[in-house]
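Notes for the structure review
Listed below are the residues making up each chain.
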Amino acid sequence: MPEQPYESYESDGAIAGTGMGGAMDLAASEASTLERTPGGPRGTGPQAKPRSLWSDAWRDLRRNPVFLASALVILFLLLIAVWPSSITSGSPLTCDLAKSQEGSQPGHPFGFDGQGCDVYTRTVYGARASVTVGVCATLGVAVLGSVLGGLAGFFGGVWDSVLSRITDIFFAIPVVLGGLVLLSVVTSNTVWPVIGFMVLLGWPQISRIARGAVITAKQNDYVQAARALGASNSRILLRHIAPNAVAPVIVVATIALGTYIALEATLSYLGVGLKPPSVSWGIDISAASPYIRNAPHALLWPSGALALTVLAFIMLGDAVRDALDPKLR
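Model, not experiment: these values are computed from the prediction.

With that settled, the discussion passes to the overall build of the chain. What the chain contains, in helices and strands, is eleven helices and two strands. Counting the 329 residues in the chain, one finds 38% classified as buried.

Right, here's the structure in full:
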C-alpha cells in the first residue's frame, strides 16, 4: 500500500507536515502569533515591528528627568519670548528716574535699574532677543553646515579638500574678536546682523560633524546595495545617508544653541551686539555693572535668567546626546 503523505494542520496549530517525512515543531501561524505577543522572542509588542533609533531615543528621553526639567524651562522661555505680556503688563522702555536703583516693591518684584526701569519687565522681554538669536542662528548654522559638510563627505575629492581648508581658516578666527571687528561697523539695531555673524563663523563646526557622519554612513552595506541597484546620488544621499547621519548634527546643534545665546549676551555687553533701545540681557548686564554695589539686584536677575537659559539648553543637548548615542545604551 502506498505511503500516505503527512497532513498539514497549520490552521489548527498542530504539528505540520514537511512533505519530506519530517515535521515542524511549530506551525507557521502559531509562530506568527508568538512573534506578535509581548512575551515572544522579539518582545516588541502587538505589531512585532522593530523600534528605530528615533523611537528608542524618544522613549529614553521621556524617562530622563534631566530632559523633562530642561524641556519645561525651555517651553516657558519660548512662551514668554512669543507672548511676554502673559506674565507682565508693563513696558520695558517705561522708566522713572525717581525710582533709580530702588529695590523690590509691590508690583515690581525685581526692583529698578539705574535708569529707573522695571528689572522684572526688562528681564521678561529680554528673553525674546536671546531666544530669537539662539534659535535662528542654530537653524542657519545647522542647515548651511549640514549641506556643505554632507556634500563634501559624499563626493570627496577636490570639493572635500577645498572645504576642509576653508573650515581651517574659519576655525582660526577668534569668535569674540571677530564679532568686535565685524559688528562694530553695523548700525542696525535688529537681531539679524548678530545672527548672520554667528552663522558665518559657526557653520564650520557643524560642517565637520556632518562630513564625518556622511563618510561613515556611506560605507554601510545598504548604501552599497542601493548603488548596485542603480539608485542616483541624490536618492542615496537623501533617502539612505541623510536620515542615518543627522543624529550627531542634532546633538551638536542643540548644545550649540545655548552657546549662541551666551555669545549674543557677550557681544551686547561689549556694545557691538544688540544696542539700545533693544532689550537684551547682555545690555541690561552691561548697564547694571557700574552699580553692582548699590543695586546688585539689577545685575543678578538678568544674569540669572541668562545662566538658567544657557544651562537648560546645554542639559537638553546632553540628554539628546545620551539618547541618540548607541554606545551609551
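Glancing now at the nonpolar core. Here is a general trend for soluble globular proteins: nonpolar side chains tend to be buried in one another's company. In terms of nonpolar packing, the biggest core is built from 33 residues, with Ile-261, Trp-281, Leu-306 and Leu-324 touching the most fellow members. Listed by contribution, the elements that provide at least two residues to this core are α2 (53-62), α3 (65-82), α4 (119-155), α9 (233-269), α10 (281-288) and α11 (297-324). Per element, the largest residue contribution to this core is twelve residues, and it comes from α11. Setting aside residues no more than four positions away along its own chain, Leu-306 makes contact with Ile-261, Ala-262, Ala-265, Trp-281 and Ile-285.

If you walk through the whole model with that rule in mind, you get five aromatic pairs. Centroid distance Phe-110 to Tyr-120: 5.1 Å. Interplanar angle 80 degrees. Geometry classified as edge-to-face. One end of the pair, Phe-110, is in the loop between α3 and α4; the other, Tyr-120, is in helix α4, and ten residues separate them in sequence. Across the pair, Tyr-120 and Phe-110 agree in class, each one buried. Centroid distance Phe-110 to Trp-301: 3.8 Å. Interplanar angle 5 degrees. Geometry classified as stacked. Highlighted residues: Phe-110 in the loop between α3 and α4 and Trp-301 in helix α11, separated in sequence by 191 residues. Site record: aromatic cluster; members linked through ring pairs are Phe-110, Tyr-120 and Trp-301.

On to the confidence of the model for the chain. With 83% of its residues at a pLDDT of at least 70, the chain reaches an overall mean of 83. This stretch, residues 1-46, has a pLDDT under 50; its non-local contacts, to residues over four places away or in other chains, come to 36 contacts.

We now examine the pattern of salt bridges. Applying the stated criterion to the full structure yields eight salt bridges. Ionic pairing is found between Asp-168 and Arg-208, a salt bridge with its closest N-O pair at 2.2 Å. Here Asp-168 is found in helix α5 (residues 157-171), whereas its partner Arg-208 is found in helix α7 (residues 192-217), with 40 residues between them in sequence. Overall, the relative accessible area of 32% leaves Asp-168 in the partly exposed class. Residue classification places Arg-208 among the partly exposed positions, given a relative accessible area of 41%.

In the contact formed by α4 and α9, the axes pass within 7 Å of each other and the chain directions differ by 145 degrees. Helix-helix and strand crossings are classified by hand; for α4 and α9 the assignment is right-handed. On the side of α4, the interface is formed by Ser-130, Val-133, Gly-134, Val-135, Ala-137, Thr-138, Val-141, Ala-142, Ser-146, Leu-151, Phe-154 and Phe-155, while α9 contributes Asn-233, Ile-236, Leu-237, Ile-241, Val-249, Ala-253, Leu-257, Tyr-260, Ile-261 and Glu-264. Grouping the constituent residues of the contact of α4 with α9 by class yields 16 nonpolar, five polar and one charged.

A few words now on the environment of Gln-219. Looking at where Gln-219 falls in the secondary structure, it is placed in the loop between α7 and α8 (221-228). Since its relative accessible area comes to 58%, Gln-219 is described here as exposed. Between the C-alpha atoms of Gln-219 and Ile-241, which are 22 residues apart in sequence, the distance is 9.7 Å.

With respect to the helices and strands, the residue Thr-88 is situated in the loop between α3 and α4. Residue classification places Thr-88 among the buried residues on the basis of a relative accessible area of 7%. Of the polar contacts made by the side chain of Thr-88, one reaches the side chain of Thr-121; its length is 3.3 Å.

This brings us to the environment of Pro-276. You can see Pro-276 is positioned in the loop between α9 and α10. When the C-alpha positions of Pro-276 and Leu-93 are compared, they lie 9.9 Å apart, and in sequence the two are 183 residues distant. Residues within four places of Pro-276 in sequence aside, it is in contact with Asn-189 and Ile-283.

In this section: the side chain of Thr-123. With respect to the secondary-structure elements, Thr-123 resides in helix α4. According to the relative accessible area criterion, Thr-123 is buried, its value standing at 9%. Engagement of the side chain of Thr-123 in a polar contact is seen with the backbone oxygen of Val-119, the distance being 2.7 Å. Excluding residues that lie within four positions of it along the chain, Thr-123 makes contacts with Phe-110, Trp-281, Trp-301, Pro-302 and Ala-305.

What counts as what
Residues numbered from 1 in each chain as written. Predicted model: local features only at pLDDT ≥ 70, side-chain atom pairs only at ≥ 80, totals over all residues. Heavy atoms only, no water. Helix = DSSP H or I, 4+ residues; strand = E, 2+ residues; numbered from the N terminus. Buried < 20%, exposed > 50% of the residue type's maximum accessible area, 1.4 Å probe, protein only. Core = buried A, V, L, I, M, F, W, Y, C linked by side-chain atoms within 4.5 Å. Contact = heavy atoms within 4.5 Å. Phe/Tyr/Trp six-rings, centres within 6.5 Å; stacked < 30°, edge-to-face > 60°. pLDDT = per-residue confidence, 0-100. Salt bridge = Lys/Arg side-chain N within 4 Å of Asp/Glu carboxyl O. Axes fitted to C-alpha atoms, helices over the stretch in contact; angles between N-to-C directions. Left-handed = near helix turned anticlockwise from the far one by under 90°. Nonpolar A, V, L, I, M, F, W, Y, C, P; charged D, E, K, R; others polar. Polar contact = N/O pair within 3.5 Å; in protein donor to acceptor, adjacent residues only side chain to side chain.

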